[in-house]
Amino acid sequence: MKSPFSRFFGSGEKEIAATKQTAEQYEEVLKIPLQSIVPNRFQPRTVFDESKIEELARTIHTHGVIQPIVVRKMDDGKYEIIAGERRFRAMTKLEWKDVPAIVRDLSDKETASIALIENLQREELTAIEEALAYQKLLELHELTQEALAQRLGKGQSTVANKLRLLKLPQIIQDSILKREISERHARALMPIKDEKNKSLYFTKL
């Protein structure tokens, strides 16, 4: 079965699916100044669990970094993270001066797709972050919901239901992002047509 990477990029383009699994064994790991690294602008995760970052920082402090982060060089000389933002945040907490990294030459489209797909595979995103990731992939690759579902190996109804969450009032979306309410509770608000009534009902949940 093809991975989501090969489904998105095709077998003729850089072989990102295979590269992801094997290239880090052969690519040079560089030491890049932490201050020269910037977060991925396409990162779908908007809320990071600080307790988990602290836990990861303690692990890295004890055992070191098992897997280097992956970055790409920008025109301004900075390096943008492609994969490994949690590790980067943990090393920032540890006040490391240099970060072990692999540099790859990827386009905006490839960088965004990798960041989105990798986070979707981890299944740690909130329902809103997942919906925003689907929306961005639809825009990047000019896909229909059905085509996106096929490439991700998901049901079309799964993708469609997540995207519907983005029609909820922002106050409700923010609460899902903060994990204050569940996706199930949010879905209960969808049949309510009036936006004010939605927000009023939400405050009573």
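Read on for a plain summary of the structure. (Residues numbered from 1 in each chain as written. Predicted model: local features only at pLDDT ≥ 70, side-chain atom pairs only at ≥ 80, totals over all residues. Heavy atoms only, no water.)

We now examine the pairing of strand β4 (residues 79-83). The buried count for β4 comes to 5 of 5 residues, which makes it a mostly enclosed element. Examined bridge by bridge, strand β2 (residues 37-38) and β4 share 2 bridges and lie parallel to one another. What sits directly across from Val38, in β4, is Glu80. Judged from the 4 bridges that link them, strand β3 (residues 69-73) and β4 form a sheet pairing that is antiparallel. (Buried < 20%, exposed > 50% of the residue type's maximum accessible area, 1.4 Å probe, protein only. Helix = DSSP H or I, 4+ residues; strand = E, 2+ residues; numbered from the N terminus. Pairing = 2+ DSSP bridges.)

Most peptide bonds take the trans configuration, and most residues that are not glycine carry a negative phi. Non-glycine residue Glu95 carries a positive phi angle of around 60 degrees. Mapped onto the secondary structure, Glu95 falls in the loop between α4 (85-93) and β5 (98-103). Backbone geometry places Glu142, a non-glycine residue, at a positive phi of 50 degrees. Topologically, Glu142 is positioned in the loop between α6 (127-141) and α7 (145-152).

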